[in-house]
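The primary structure of each chain is shown beneath.
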Amino acid sequence: MHVLTLFLCMSCRSVYIVYTLLGDICVYVVGKDEYDELALAEVIFAVTASVKDVCAKAPTERVFLDKYGKICLCLDEIVWQGMLENTDKDRVRRLARLKPLTEG
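Remember, it's a predicted structure, so these values are computed and weren't measured experimentally.

### Let's talk about unusual backbone geometry
- One non-glycine residue, Ala 56, lies in positive phi territory at about 70 degrees.
- Looking at the element boundaries, Ala 56 is found in the loop between α2 (37-55) and α3 (61-66).
- One non-glycine residue with positive phi stands out, namely Gln 81, at about 50 degrees.
- Within the secondary structure layout, Gln 81 lies in the loop between β4 (79-80) and β5 (83-84).
- Overall, the relative accessible area of 66% leaves Gln 81 in the exposed class.

### Examining the nonpolar core
- Core analysis: the biggest nonpolar cluster contains 24 residues, and Val 27, Val 29, Leu 40, Val 47, Val 51, Ile 71 and Ile 78 have the highest contact counts within it.
- Elements supplying a minimum of two residues to this core: β2 (15-22), β3 (25-32), α2, α3, α4 (68-78) and α5 (89-98).
- When residues of this core are assigned to their parent elements, the largest contribution, nine residues, is made by α2.
- When sequence neighbours within four positions are dropped, the list of residues in contact with Val 51 reads Leu 22, Lys 57, Pro 59, Phe 64 and Ile 71.

### Focus on the environment of Asp 88
- Structurally, the position occupied by Asp 88 is in the loop between β5 and α5.
- The exposure class of Asp 88 is partly exposed, given its relative accessible area of 41%.
- Measuring from C-alpha to C-alpha, the distance between Asp 88 and Ser 50 comes to 9.1 Å, with 38 residues separating the pair along the chain.

The rules we used
Per chain, residues are indexed from 1 in the order of the written sequence. pLDDT decides what is reported in this predicted model: residues at 70 or higher carry local features, side-chain atom pairs at 80 or more are listed and counted, and totals for whole chains, interfaces and linings draw on all residues regardless. In computing side-chain properties, one takes all heavy atoms of the structure into account and sets aside hydrogens as well as water. Here a helix means four or more residues in a row that DSSP labels H or I, a strand means two or more in a row labelled E, and each is numbered from the N terminus. Whether a residue is buried, partly exposed or exposed follows from its accessible area with a 1.4 Å probe, protein chains only, as a fraction of its type maximum: under 20%, in between, or over 50%, in that order. Nonpolar core, defined: a set of buried Ala, Val, Leu, Ile, Met, Phe, Trp, Tyr and Cys residues in which side-chain atoms within 4.5 Å join the residues together. Only heavy atoms matter for contacts: two residues are in contact if any of them lie within 4.5 Å across the pair.

Set out below in structure tokens:
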């Protein structure tokens with residue numbers, strides 16, 4: 001029920017797009033074939049939970065950019081090479097801690 005009120009889904013030629021606003025940030029997730037709107041809703045829940053966890057709240061643009069490296073590590077744990085890996089927020093947090101944050 002929460003998905004229906006927060007996320008807007010559209011289907012166009014077997015390509016699914018799910019998006020939501022998270023503070024000042026708009027998050028889009030795109031998939032096809034087995035990644036329909038239900039699977040993408042699960043992905044977007046994991047992404048928003050991880051971003052809120054890293055930023056300690058719904059992010060502003062400035063906070064998002066300040067925490068960008070850590071957010072990218074979390075995204076890498078959720079989706080790897082186009083495949084859904086992890087959706088559990090606590091597991092994503094643990095795995096992201098294992099990777100060094102490099103600047104460059």
